[in-house]
Amino acid sequence: MKKQRIYVAGHNGMVGSAIVRQLEIDPSVELILRSRRELDLTNQQAVQDFFAEQAINQVYLAAAKVGGIHANNTYPAEFIYDNLMIEANIIHAAHKNNVQKLLFLGSSCIYPKLAEQPMREDALLTETLEPTNEPYAIAKIAGIKLCESYNRQYGRDYRSVMPTNLYGPNDNFHPENSHVIPALIRRFHEAKISGDEEVIAWGSGKPMREFLYVDDMAEACIHVMSLDKNIYDDNTEPMLSHINVGSGVDCTIKELTEAVVKVVGYQGEVKFDSSKPDGASRKLMNIERLARLGWRANIDLHEGLRESYQWFLDNQMKFRV
């Protein structure tokens, strides 16, 4: 049997590496991988040459420039330019080289700042975006519309999935640029090692957030990619074709913090500083479309946090803790 040559763009990132872990155990798959040093995805000619040489059958587009609120606010030009170039170059090169199947990974930030909760796919482009990450969100929306446009004009099978907040192995544990779960894991681990009697957490702890373990996200991506085209088309619309991916369960930041404290084994006191900003009161994905298509998350938050902390311990030299 001839193997499917599958290119995973962004294979060193958290999501891309999780997709690779699952695809590499499939004997029918031959993985095509290139690091950032080997292939500059913002270089149109380099990407075109790569596709022309590789005879690729499928693409998972997990490559992106990502960061937290501080990074998005500081480098908005890079966030919109790099992400637009990456997705435009890959999607166009895939089409030009007759790659029929592609999966684009977006973000829940595509939805309006005040979207009704849980956020449905049809909330897209209905109101104003969150200003702090608008450039990144605009780029991700453009990626969805690129896929839809090549589908409508050329009959391609380019699909899009929008994940909720992800965490797990290969997450970013940088002390300034990380997201909430890796930031909490690192903070409470360092407090435990230092013997700190108290840790101050930002905000009131009341906002609610949804989290999905990255291996679940990878499984969902492969599930969506493997769906029969007629089934996918019957459950989406030509100009509203993306699918939310989440756990369908949220918790307060206080509950999340308490769960991290338990997993890390920190024995001190935790206090919340309500003078610090909370952000949106709730962000939860509506996952009814994905559930109809036969997939639900398998790894609960507590299990995922244990796995994430163990990975952090095994790799902490990378983070100079």
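Definitions and cut-offs
Residues numbered from 1 in each chain as written. Predicted model: local features only at pLDDT ≥ 70, side-chain atom pairs only at ≥ 80, totals over all residues. Heavy atoms only, no water. Helix = DSSP H or I, 4+ residues; strand = E, 2+ residues; numbered from the N terminus. Rg over C-alpha atoms; globule rule 2.2 N^0.38 Å. Buried < 20%, exposed > 50% of the residue type's maximum accessible area, 1.4 Å probe, protein only. Contact = heavy atoms within 4.5 Å. Areas by Shrake-Rupley, 256 points an atom, 1.4 Å probe, with all protein chains shown as cover. Axes fitted to C-alpha atoms, helices over the stretch in contact; angles between N-to-C directions. Parallel < 35°, antiparallel > 145°, perpendicular 65-115°, else oblique. Left-handed = near helix turned anticlockwise from the far one by under 90°. Salt bridge = Lys/Arg side-chain N within 4 Å of Asp/Glu carboxyl O. Phe/Tyr/Trp six-rings, centres within 6.5 Å; stacked < 30°, edge-to-face > 60°. Lys NZ or Arg CZ within 6 Å of the ring centre and 35° of its normal. Pairing = 2+ DSSP bridges. Right-handed = clockwise from strand over helix to strand, strands pointing away. Polar contact = N/O pair within 3.5 Å; in protein donor to acceptor, adjacent residues only side chain to side chain.

Trainee: Got a minute to help me understand the overall build of the protein chain in this structure?
Mentor: In terms of regular secondary structure, the protein chain is built from 11 helices and 12 strands. The C-alpha atoms of the protein chain give a radius of gyration of 20 Å, which matches the 20 Å a tight globule of 321 residues would have. Structurally, the protein chain occupies a C-alpha span of about 60 × 40 × 40 Å along its principal axes. When burial is assessed residue by residue, the protein chain has 49% of its 321 residues classed as buried. Look at the contacts in the protein chain between residues 6 or more apart in sequence, and 81% of them connect residues 24 or more apart. Total accessible area computed for the protein chain in this model is approximately 15700 Å², and 48% of it derives from carbon and sulfur atoms.

Trainee: Sorry if this is basic, but what is going on with the packing of helix α9 (residues 253–264) against helix α11 (residues 301–315) here?
Mentor: Angle between the axes and distance between the axes: these two values describe a pair of packed helices. At a minimum axis separation of 10 Å, α9 and α11 run at an interaxial angle of 50°. The orientation of α9 relative to α11 falls into the category oblique. Like other packed secondary-structure pairs, α9 and α11 cross with a definite hand, here right-handed. In this structure, α9 uses L256, A259, V260, V263 and V264 to contact α11, whose residues at the interface are L301, H302, L305, R306 and Y309.

Trainee: It is not clear to me how unusual backbone geometry should be interpreted in this structure. Could you clarify?
Mentor: If a residue is not glycine, its phi is most likely negative; likewise, a peptide bond is most likely trans. Put simply, Q117 and P118 share a cis peptide bond, and its omega is -10°. With respect to the helices, strands and loops of the structure, P118 is situated in the loop between β4 (101–105) and α5 (134–154). Here the phi dihedral of N98 falls at roughly 60°; this positive angle occurs in a residue that is not glycine. Within the chain, N170 stands out as a residue other than glycine whose phi angle is a positive 70°. Considering the arrangement of structural elements, one finds N170 in the loop between β6 (165–167) and α6 (180–194).

Trainee: Any chance you could explain the pattern of salt bridges here in plain terms?
Mentor: Applying the stated rule across the entire model yields 11 salt bridges. Between R159 and D157 there is a salt bridge; the shortest N-O distance is 2.8 Å. Judged on exposure class, the residue R159 and its partner D157 are both buried. Put simply, E258 and K254 hold a salt bridge, and the shortest N to O gap is 2.6 Å. With E258 and K254 both in helix α9 and four residues apart, the pair spans about one turn of that helix. A relative accessible area of 44% places E258 in the partly exposed class. In this structure K254 comes out as partly exposed when scored by relative accessible area, which is 38%.

Trainee: Looking at this model, I keep getting lost on the packing of aromatic side chains. Mind explaining?
Mentor: Think of a pair of aromatic rings as described by two things: how far the centres are apart, and how the planes are tilted against each other in angle. Inspection of the entire model under this criterion finds 10 aromatic pairs. Summarising the aromatic geometry, the rings of Y167 and Y213 are spaced 5.6 Å apart at their centres and angled 65° between planes, so their arrangement reads as edge-to-face. Taken together, the positions of Y167 in strand β6 and Y213 in strand β8 (residues 208–213) put the pair 46 residues apart, joining distant regions of the chain. Overall, the relative accessible area of 5% leaves Y213 in the buried class. One residue, R159, lies across the ring of Y232, its end atom 4.6 Å from the ring centre. Above the face of the W202 ring, K276 is positioned so that its terminal group lies 5.3 Å from the ring centre.

Trainee: Would you take a moment to explain the pairing of strand β2 (residues 29–32) for this structure?
Mentor: Note that strand β1 (residues 4–9) and β2 share four bridges and pair parallel. Its bridge partner lying in β2, Y7 is registered against I32. You can see the chain leave β1, run along helix α1 (residues 14–23) and come back into β2, and the turn it takes is right-handed.

Trainee: Please clarify how the environment of S107 should be interpreted in this entry.
Mentor: With respect to the element layout, S107 can be found in the loop between β4 and α5. In the structure, S107 is positioned 33 residues away from K140 in sequence and 6.9 Å away in space, judged by C-alpha atoms. Excluding residues within four positions of it along the chain, S107 makes contact with Y136, K140, M162 and P163. A polar contact is formed between the side chain of S107 and the backbone nitrogen of C109, at a distance of 3.1 Å.

Trainee: Explanation requested: the environment of K318 in the structure shown.
Mentor: Position of K318 among the secondary structure elements: in the segment after α11. By relative accessible area, which is 55% here, K318 ends up exposed. K318 sits 225 residues away from A93 along the chain, and the two C-alpha atoms are 34 Å apart.

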